[in-house]
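# Analysis of the macromolecular model
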Amino acid sequence: MEPLDLKWIRAQFPALTQKINGKPAIFFDGPGGTQVPGAVLDAMSDYLVRSNANAHGAFATSARTDALITSARAAIADFLGCNSDEVVFGANMTTLTFAVSRAIGRELQPGDEIIVTRLDHSANISPWYALEERGVIIRVVDVKIEECTLDMSDLSQQINPRTRLVAVSYASNAVGTINDVAAIVRLAHAVGALVFVDAVHYTPHAPINVHALGCDFLACSAYKFFGPHVGILYGKREHLTRFTPYKVKPAPEEVPSRWETGTLNHEGLAGVVAAVNYLAKLGCHVSPAVDSELVSALAEADKEGLENFSCPRFLTSPNQPSHELASAYHSRRAALVAAMSAIQQYERELSHKLISGLLEIPGLSFYGITDPSRFAWRTPTVAFRLAGQTPETTAKALGDRSIFAWHGNFYALNLTEKLGVEASGGLVRIGVVHYNTVEEIHQLLQGLNEIAALTN
Ligand SMILES: Cc1ncc(COP(=O)(O)O)c(C=O)c1O
């Protein structure tokens, strides 16, 4: 596999050329929302010019809109490794999670239990706590603060035959820890419980295969993986069919539309398709030979919103010429897996540079996994505090240097409380994504050393 071509990647993102006070902007705010490729902007504006209409009409723009919705489901099916009719769109992950919790809650009895975790974003906690009004008992799995990892023995102890659902994040948006979701699915399914995975933070960092994972639901948000503000829910078809969502009477009864309340964000869906196709194009770049046929087919798909997109021919690695692999590489899914695997590898190298540099800064307290041999269990999202400063002060000083970083609790409130930092302003968060560079990390570390020196 070729290393990432950062020049090509950065050229795709118009926002990355911005200067603030004469200095190039450095975007380490990805966990709060990533920048978007120009192709996403073009697709959204093209939709609004050529296809803007409501769905299911007997005229051209409405037919294009129907085709776009189908195409967006196919794109996400390729991205997540599921079927198109298992993809639900909505306003954002939080709204979709409330919709699922309300639907599942209709079937729960007083005394039924749901497990949430202290590592999670509130979007995968509050919707489940809302079911307490039905007599559902919420159990909370603890976090081991040394490395900010989930306490798996606590989880094993809390899971029991009354557990109906386990709500867990794939990765923490505050400290970057990746949870062993496959193991959690096995534990939950052993007692007949469902698993709802919040993959919002994980999606820009690694390939996802929901069928292999075996989870029952998985939610994410396109604005965290280079797309616009659109919420996405994967649900096993059997669950989307069996559970009853709250819906208006004339809306479609069939899966997955029955889970989508009101009119979808069509221009957002056009952006979602373009974001997925951007990643597939990246997959072509990192594959041993760029398949020009796939690239032009993807460009065509950007324009036409092709349904059931599949590549006519996608070259395999010269080192792995087996027929099986050759057929596996015949699809956009394969290109996406190639892209996300290359991203994962590149981001791991950046994590090394970032974390080793941070640990050398005097007065810096780090929260999360620092041992490089355990980097498979973290994303390149890191959290820290500088002695004598509030996280806001540090983030402001970085902002003055055109380095964008978040501070606070990022809605991972239970975690910042557990870490004892909530009352004093939470954490500073640096979120690296694949368009960030080694040079940007050097600038960050230099800036932080200067900022730390102010209070040391
Ligand atoms: C891990 C995680 N889960 C859920 C959410 C909420 O996502 P949305 O804004 O799509 O509701 C976020 C947003 O920051 C997040 O980082």
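A short tour of the structure in this document, coming up. Because the structure is predicted, anything quoted here is derived from the model rather than measured.

Next up on the list: the site of the ligand. Surveying the vicinity of the ligand reveals the residues Asn92, Met93, Thr94, His121, Ala123, Asn173, Asp198, Val200, His201, Ser221, Tyr223 and Lys224. Tyr223 is positioned with one of its side-chain polar atoms (N or O) 2.5 Å from an oxygen atom of the ligand. Take Lys224: an N or O atom from its side chain is 2.6 Å from an oxygen atom of the ligand. When grouped by side-chain class, the residues that make up the shell around the ligand number four nonpolar, six polar and two charged.

Across all of its chains, the model carries 16 salt bridges by this definition. Here Arg10 makes a salt bridge to Glu440, at a shortest N to O gap of 3.3 Å. Here Glu440 lies in helix α16 (residues 438–453) and Arg10 lies in helix α1 (residues 6–12), a separation of 430 residues in the sequence. With relative accessibility at 22%, the residue Arg10 sits in the partly exposed group. In this structure, the salt-bridge partner of Arg242 is Glu107, at a minimum N-O distance of 2.8 Å. Linking Arg242 in helix α9 (residues 237–242) with Glu107 in the loop between α4 (93–105) and β5 (113–117), this pair joins segments that are 135 residues apart in sequence. Since its relative accessible area comes to 34%, Glu107 is described here as partly exposed. One network of salt bridges, with partners in common, ties together Glu113, Arg139 and Arg162.

Grouped together as the largest cluster of nonpolar side chains are 119 residues, with contacts concentrated most on Leu80, Tyr170, Leu218, Leu282, Leu358 and Ile430. Residue contacts for Leu80: discarding those within four places in its chain leaves Ile208, Asn209, Val210, Leu218, Cys220, Ile232, Tyr234 and Arg333. Listed in part, the 28 residues of the second largest apolar core include Leu96, Ile125, Ile138 and Trp259.

Here we take up helix α7 (residues 181–190). The set of residues buried in α7 consists of Val181, Ala183, Ile184, Val185 and Ala188. Against the buried residues of α7 lie β8 (149–150), α6 (152–158), β9 (163–169), β10 (194–198) and α8 (210–213). Of the residues flanking the end of α7, it is Gly192, one or two places downstream, whose phi is positive at about 80°.

This part takes up the sheet that holds β5. Ordered in space as β4-β12-β11-β10-β9-β5-β6, the seven strands form an open sheet in which the pairing is mixed. Across the chains shown, the open sheet's two edge strands, defined by having one partner strand only, are β4 (87–90) and β6 (137–141). On average, each strand axis in the sheet is tilted by 20° relative to the strand beside it, whichever way the strands run. Sitting on the sheet, α4 is in contact with β4, β9, β10, β11 (217–221) and β12 (231–235), with an inclination near 155° to β11.

Here we come to the pairing of β12. Of all five residues in β12, five are buried, a share of seventy percent or more. The pairing of β4 with β12 spans four bridges and is classified as antiparallel. Each bridged residue has a counterpart across the sheet, and for Phe89 the counterpart in β12 is Ile232. Pairing analysis gives five bridges linking β11 to β12, with the strands arranged antiparallel. If you follow Ala219 over to β12, its bridge partner there is Leu233.

Rules used throughout
Here the residue numbers are simple positions, counted from 1 along each chain's written sequence. A pLDDT threshold of at least 70 governs which residues receive local features in this predicted model, and a stricter bar of 80 or more applies before side-chain atom pairs are shown or counted, although totals over entire chains, interfaces and linings include all residues. Excluding hydrogens and water, the side-chain figures rest on all heavy atoms present in the structure. A molecule or strand has a residue near it when one of that residue's heavy atoms lies within 4 Å. Polar contact is the term for a pair of N or O atoms within 3.5 Å; when the atoms are in protein, one must be able to donate a hydrogen and the other to accept it, and sequence-neighboring residues count only if both atoms are side-chain atoms. Following the grouping adopted for this structure description, the nonpolar residues are Ala, Val, Leu, Ile, Met, Phe, Trp, Tyr, Cys and Pro, the charged ones are Asp, Glu, Lys and Arg, and the polar ones are all others, Gly among them. Any carboxyl oxygen of Asp or Glu that lies within 4 Å of a side-chain nitrogen of Lys or Arg is treated as forming a salt bridge with it. Strands here mean DSSP runs of E at least two residues long; helices mean DSSP runs of H or I at least four residues long; both are numbered from the N terminus. Burial classification: accessible surface area is computed with a 1.4 Å probe over protein chains only, and a residue below 20% of its type maximum counts as buried, one above 50% as exposed, and the rest as partly exposed. Think of a nonpolar core as a cluster: buried Ala, Val, Leu, Ile, Met, Phe, Trp, Tyr and Cys residues, connected wherever their side-chain atoms sit within 4.5 Å. The contact criterion used is simple: two residues touch if any of their non-hydrogen atoms lie within 4.5 Å. At least two bridges found by DSSP between two strands is the condition for calling them paired. Note on geometry: axes are lines fitted to C-alpha atoms, helical ones only across the stretch in contact, with angles between N-to-C directions running from 0 to 180 degrees.

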